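Observations on the model geometry
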Amino acid sequence: MITVIAIDALEYNLVEEFNMRNLKQEYYGKTDISEFSEPRTMVLWSSFMTGENKEEEILAKGDKEMWNTRIPHEETFFSHFENPFILDLPGYNYDLEQHERERRLLKEFFMEKDEEKKREIRKKYNENAFAHHRKIKERFLEALEGEYDFILGYFSVADVIGHLNFGNRMMMKMIYRDLDEIVSQVEGKKIVLSDHGMKAVGVFGDHSEYGFWSTNFKELGRPKITDFKSIILSETK
Amino acid sequence: MSEEKKGKAKKKKSKHTTISIPTPLYKKIKKRIEGTGFTSVSDYVTYVLREVLASLEEEEKEEVFSEEEEEKVKERLRALGYLD
């Protein structure tokens, strides 16, 4: 049994700076995503679950349709398990409405010129992201008690909040602390994996050109995101 | 106790409220405050929360949305497919 804690935009340098021991586990490092032209969330998670670079295929859908990607179960490595539990993963089963709401508020924020109104929109945007996170956290912790042979929980909070608040160290630290605590509650073999990290642009956050990985069972060097299919399957044989 | 004293006690009570924290955290704090000026876990928690809130408020006060950075991040978010 193996559990993957998939964290969008978990940044290597912040995990180090905040010294999040559970996120780091025994072995940790950066992933190599240099084969991709941009660190796009949908492309990276789709490539992770299939073990193949899906960039061309996903980009061919266009910017809007890309977010509606649903990779069939049998094309993912999850199909190798009898009873997997996959929670809210982009490109597989994530909450489309939630994501659309986030993008709508992000657009509203950047279109608004008035500083006070901008802060109001950001507040709404943050509240929406945190409410979703609380729901996902609860469902993930419940799943840990279930009879599954593979569990993957996807957490978007560091990415969503980071885009408009990455310069707010205190807020980011609170988020990382919460994620660290979630990882601490997982027993057995576990992998923490991000698609990409995040770098500051003033108060905002942009995707960085590498991801984060950690395990409590194996040193992985600098793996590609597509390597995790074989890593996970070989560990669960 | 006279009615006046009861009233005062009630008024004093309403200045505080009860919050829950995990028991292991409570024990950790209790150990930490030994030999410090803090006489109770409540005092320590209040102090820490005031510090955290002050830092957050300070960060928010100092925060400015620079037009240049906003343009830069907007362009990046477009490239990543978040904005059309």
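In case you missed it, the structure is sitting above this.
Residues numbered from 1 in each chain as written. Chains lettered and ligands numbered in written order. Predicted model: local features only at pLDDT ≥ 70, side-chain atom pairs only at ≥ 80, totals over all residues.

1. Observations concerning the overall build of chain B
What counts here: To qualify as a helix, a DSSP run of H or I must reach at least 4 residues; to qualify as a strand, a run of E must reach at least 2; elements of each kind are numbered from the N terminus. Each residue is classed by its C-beta neighbour count within 10 Å, where at least 20 other C-beta atoms makes it buried, 12 or fewer makes it exposed, and intermediate counts make it partly exposed; the C-beta atoms are placed from backbone geometry.
Of regular secondary structure, chain B possesses four helices and zero strands. For chain B, the α and β elements follow one another from N to C terminus as α-α-α-α. Within chain B, the fraction of its 84 residues that count as buried is 5%.

2. Topic: the overall build of chain A
Keep this limit in mind: All radius of gyration figures rest on C-alpha atoms, and the globule criterion is 2.2 Å times the number of residues raised to 0.38. Placing C-beta atoms from the backbone, we regard two residues as in contact once those atoms come within 7 Å.
Within chain A, the secondary structure is distributed over nine helices and eight strands. At 17 Å, chain A has a C-alpha radius of gyration in line with the 18 Å of a compact globule built from 237 residues. Dimensions along the principal axes, computed over C-alpha positions, put chain A at roughly 55 × 40 × 35 Å. For chain A, buried positions account for 47% of its 237 residues. Intrachain contacts of chain A at a sequence separation of at least 6 include 71% that bridge at least 24 residues.

3. Re the sheet that holds strand 3 (residues 84–87) of chain A
Note: strands within a sheet are paired through backbone hydrogen bonds, in either parallel or antiparallel orientation. Residues and elements named next belong to chain A. Selection criterion: At least two bridges found by DSSP between two strands is the condition for calling them paired. To define axes, lines are fitted to C-alpha atoms, for helices over the stretch in contact only, and angles between the resulting N-to-C directions are given on a 0 to 180 degree scale.
Spatial ordering of the open sheet is given by 2-8-5-1-4-3, a layout of six strands whose pairing is mixed. Each end of this open sheet is capped by a strand with a single partner; those strands are strand 2 (27–32) and strand 3. On average, each strand axis in the sheet is inclined to that of its neighbour by 15 degrees, with strand direction left out of account. Here six bridges tie strand 1 (residues 2–7) to strand 4 (residues 150–155), and the two strands are oriented parallel to one another. If you follow Val 4 over to strand 4, its bridge partner there is Leu 152.

4. Here's the deal with the pairing of strand 1 of chain A
All names here are of chain A. In terms of residue burial, strand 1 counts as a mostly covered element, since six of its six residues are buried. Side chains Ile 2, Val 4 and Ala 6 of strand 1 all project onto a buried face; the interleaved residues Thr 3, Ile 5 and Ile 7 project onto the opposite face, where all are buried too. Bridging between strand 1 and strand 5 (residues 189–193) involves five bridges; their strand directions are parallel. Directly across from Ala 6, in strand 5, lies its bridge partner Leu 193.

5. As for the packing of helix 5 (residues 96–111) of chain A against helix 6 (residues 115–143) of chain A
Residue and element names in this part refer to chain A. For the record, the criterion: Note that the term roughly parallel is reserved for angles under 35 degrees, roughly antiparallel for angles over 145, roughly perpendicular for angles of 65 to 115, and oblique for everything else. In this scheme, a crossing is called left-handed if the near helix is turned counterclockwise away from the far one by less than a right angle; it is called right-handed if the turn is clockwise. Residues were grouped as follows: Ala, Val, Leu, Ile, Met, Phe, Trp, Tyr, Cys and Pro as nonpolar; Asp, Glu, Lys and Arg as charged; and all remaining residues, including Gly, as polar.
The N-to-C vectors of helix 5 and helix 6 enclose an angle of 165 degrees; their axes lie 9 Å apart at closest approach. If you check the angle between helix 5 and helix 6, you find them roughly antiparallel. Viewed along their axes, helix 5 and helix 6 form a crossing whose handedness is left-handed. In this structure, helix 5 uses Gln 98, Arg 101, Glu 102, Leu 105, Leu 106, Glu 108 and Phe 109 to contact helix 6, whose residues at the interface are Lys 118, Ile 121, Arg 122, Lys 124, Tyr 125, Asn 128, Ala 129 and His 132. Considering only residue class, the contact of helix 5 with helix 6 consists of six nonpolar, three polar and six charged.

6. Remarks on the packing of helix 6 of chain A against helix 7 (residues 157–165) of chain A
Residues and elements named next belong to chain A. It is at 9 Å that the axes of helix 6 and helix 7 come closest, and there the two elements cross at 170 degrees. Here helix 6 is positioned roughly antiparallel relative to helix 7, judged by the angle of their axes. Two packed elements cross with a definite hand, and for helix 6 against helix 7 that hand is left-handed. For the pair helix 6 and helix 7, contact is made by Arg 122, Tyr 125, Asn 126, Ala 129, Phe 130 and His 133 and by Val 157, Val 160, Ile 161, Leu 164 and Asn 165, respectively.

7. Remarks on the pairing of strand 7 (residues 204–207) of chain A
Residue and element names in this part refer to chain A. Of the two faces of strand 7, the one lined by Phe 204 and Asp 206 and the one lined by Gly 205 and His 207 are each fully buried. With four bridges connecting them, strand 6 (residues 198–201) and strand 7 associate as antiparallel partners. Pairing of Val 201 across the sheet is with Phe 204, part of strand 7. Linking strand 6 back to strand 7 in an antiparallel pair, the connection comprises two residues, with Gly 202 at a positive phi of about 60 degrees.

8. Focus on the interface of chain B and chain A
Each partner contributes residues to the interface: chain B has 19 residues there, and chain A has 21 residues. Within the residue set of the side of chain B that touches chain A, elements represented by two or more residues are helix 3 (41–62) and helix 4 (67–79) of chain B. Broken down by element, the residue count for the side of chain B that touches chain A peaks at eight residues, all from helix 4 of chain B. Per-class residue counts for the side of chain B that touches chain A are eight nonpolar, three polar and eight charged.

9. A closer look at the nonpolar core
Stated formally: We call a set of buried Ala, Val, Leu, Ile, Met, Phe, Trp, Tyr and Cys residues a nonpolar core when their C-beta atoms link them within 7 Å.
Membership of the largest hydrophobic core comes to 72 residues, with the highest contact counts inside it found for Ala 6 and Leu 179 of chain A. When residues no more than four places from it in sequence are discounted, the contact partners of Leu 179 of chain A are Ile 7, Leu 23, Phe 155 and Ala 158 of chain A.

10. Observations regarding helix 6 of chain A
Residue and element names in this part refer to chain A. Rules: Here the expected span of a helix is defined as 1.5 Å times the quantity of residues minus one.
Taking 1.5 Å of rise per residue, the 29 residues of helix 6 would be expected to cover 42 Å, and the 42 Å separating its terminal C-alpha atoms lies within 8% of that figure. Along helix 6, the residues that are buried comprise Ile 121, Arg 122, Tyr 125, Ala 129, His 132, His 133, Ile 136 and Phe 140. Residues of helix 6 that are buried sit in contact with strand 3, helix 5, strand 4, helix 7 and helix 8 (169–184).

11. A word on unusual backbone geometry
Residues and elements named next belong to chain A. Within the chain, Ala 9 stands out as a residue other than glycine whose phi angle is a positive 65 degrees. Relative to the assigned elements, Ala 9 resides in the loop between strand 1 and helix 1 (12–17). Overall, Ala 9 belongs to the buried group, with 29 C-beta atoms counted inside 10 Å. One non-glycine residue with positive phi stands out, namely Gln 25, at about 50 degrees. If you trace the backbone, Gln 25 turns up in the loop between helix 2 (21–24) and strand 2.

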